[in-house]
Amino acid sequence: MLLRSHSPSLTEFCTLHGMDSRLSIGVAQFNSGRFFVAHEVWEALWDETVGPGKTLLRGLVQIAAGYAKVESGVGSGALKLLTRGVEQVRQFLPASLGL
């Protein structure tokens with residue numbers, strides 16, 4: 001599952017809209033298969049966020065943590081996190097925050 005950004009690049013989108021660059025850093029980490037690092041980056045951003053973006057970030061954190069659990073062989077924990085994360089992110093489809 002790769003997270004895609006629409007034009008302009010996600011980094012440019014974040015800059016144009018005054019958003020924290022950690023969003024795009026997390027996407028780059030996630031897309032490179034560094035799920036735990038993406039989780040950590042997004043969790044720090046989630047912790048500081050207020051408003052509707054917090055729900056989207058919580059979903060991204062849960063999805064990244066779910067993939068990290070898959071890598072460590074914790075299948076049941078992974079399924080729970082991935083399911084919850086998708087439920088959180090689904091409400092923001094088709095795109096939000098430039099993702």
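What counts and what doesn't
Along each chain, the written sequence defines residue order, and numbers are assigned to residues from 1. The predicted nature of this model means local features are confined to residues of pLDDT at least 70 and side-chain atom pairs, given and counted, to a pLDDT of 80 or more, with totals for whole chains, interfaces and linings taken over all residues. Only heavy atoms go into the side-chain values, all of them from the structure, while hydrogens and water stay out. The way it works is that DSSP assigns letters per residue, a run of H or I at least four long becomes a helix, a run of E at least two long becomes a strand, and they are numbered from the N terminus. Only protein chains enter the accessibility calculation, which uses a 1.4 Å probe. A residue is then buried if its area is under 20% of the maximum for its type, exposed if over 50%, and partly exposed in between. We call two residues contacting when some pair of their heavy atoms lies within 4.5 Å. A 1.4 Å probe and the Shrake-Rupley method give the accessible areas. Residues count as covered only by the protein chains that appear here. Axes, fitted as lines to C-alpha atoms, cover a helix only where it is in contact. Angles between the N-to-C directions of the axes lie from 0 to 180 degrees. Roughly parallel here means an angle under 35 degrees, roughly antiparallel means over 145, roughly perpendicular means 65 to 115, and every remaining angle is called oblique. Note on convention: the crossing is left-handed when the near helix lies turned anticlockwise from the far helix by less than a right angle, right-handed when the turn is clockwise. All residues other than Ala, Val, Leu, Ile, Met, Phe, Trp, Tyr, Cys, Pro, Asp, Glu, Lys and Arg, Gly among them, are scored as polar; the first ten of these are nonpolar and the last four charged. One fewer than the residue count of a helix, multiplied by 1.5 Å, yields its expected span. Whether two aromatic rings pair depends on their centres lying within 6.5 Å, for rings of Phe, Tyr and Trp, where Trp uses its six-membered ring; planes under 30 degrees apart make the pair stacked, over 60 edge-to-face, and the rest tilted. Only Lys NZ and Arg CZ are tested; either one counts as a charge over a ring when it is within 6 Å of the ring centre and within 35 degrees of the ring normal.

Asker: Looking at this model, I keep getting lost on the overall build of the protein. Mind explaining?
Answerer: Looking only at helices and strands, the protein has 5 helices and 0 strands in total. Order of helices (α) and strands (β) in the protein, N terminus to C terminus: α-α-α-α-α. Put simply, the protein has 99 residues, and 38% of those count as buried. Pairs at least 24 residues apart make up 51% of the contacts formed inside the protein by residues separated by at least 6 positions. In the form shown here, the protein has an accessible surface area of approximately 5,700 Å², with 58% of it arising from carbon and sulfur atoms.

Asker: Is there a simple way to explain the packing of helix α3 (residues 35–48) against helix α4 (residues 53–72) in this structure?
Answerer: Two quantities define a packed helix pair, namely the angle between the axes and the distance from one axis to the other. For the pair α3 and α4, interaxial distance at closest approach is 8 Å and the crossing angle is 155°. By the criterion of interaxial angle, the relationship of α3 to α4 is roughly antiparallel. Where α3 crosses over α4, the two elements pack in a sense that is left-handed. Facing α3, whose interface residues are Phe 35, Phe 36, Ala 38, His 39, Trp 42, Glu 43, Leu 45, Trp 46 and Asp 47, α4 presents Lys 54, Leu 57, Arg 58, Leu 60, Val 61, Ala 64, Ala 65, Tyr 67, Ala 68 and Glu 71. Among the residues forming the contact of α3 with α4, the class breakdown is 13 nonpolar, 1 polar and 5 charged.

Asker: Explain α3 here, please?
Answerer: Every α-helix winds through 3.6 residues per turn, so residues three or four apart in the chain are directed the same way. Between its first and last C-alpha atoms α3 spans 20 Å; for 14 residues at 1.5 Å apiece the expected length is 20 Å, and the two agree. Among the residues making up α3, those that are buried are Phe 35, Ala 38, His 39, Val 41, Trp 42 and Leu 45. Lining the buried residues of α3 we find α2 (22–31) and α4.

Asker: It is not clear to me how the packing of aromatic side chains should be interpreted in this structure. Could you clarify?
Answerer: The geometry of two aromatic rings is summed up by the distance between their centres and the angle between their planes. Taken as a whole and judged by the stated rule, the model has 4 aromatic pairs. Their ring planes at 25° and their centres at 4.9 Å tell us that Phe 35 and Tyr 67 sit as a pair that is stacked. Taken as a pair, Phe 35 in helix α3 and Tyr 67 in helix α4 lie far apart in primary sequence, 32 residues in all. Residue class for Phe 35 comes out buried when judged on its relative accessible area of 13%. Classification of Tyr 67 as partly exposed rests on a relative accessible area of 23%. Here a set of aromatic residues connected by ring pairs shows up, and it is made of Phe 30, Phe 35, Trp 42 and Tyr 67. Between the NZ or CZ atom of Lys 54 and the centre of the ring of Trp 46, over which it lies, the distance is 4.3 Å.

Any link to function would need more than the numbers given here.
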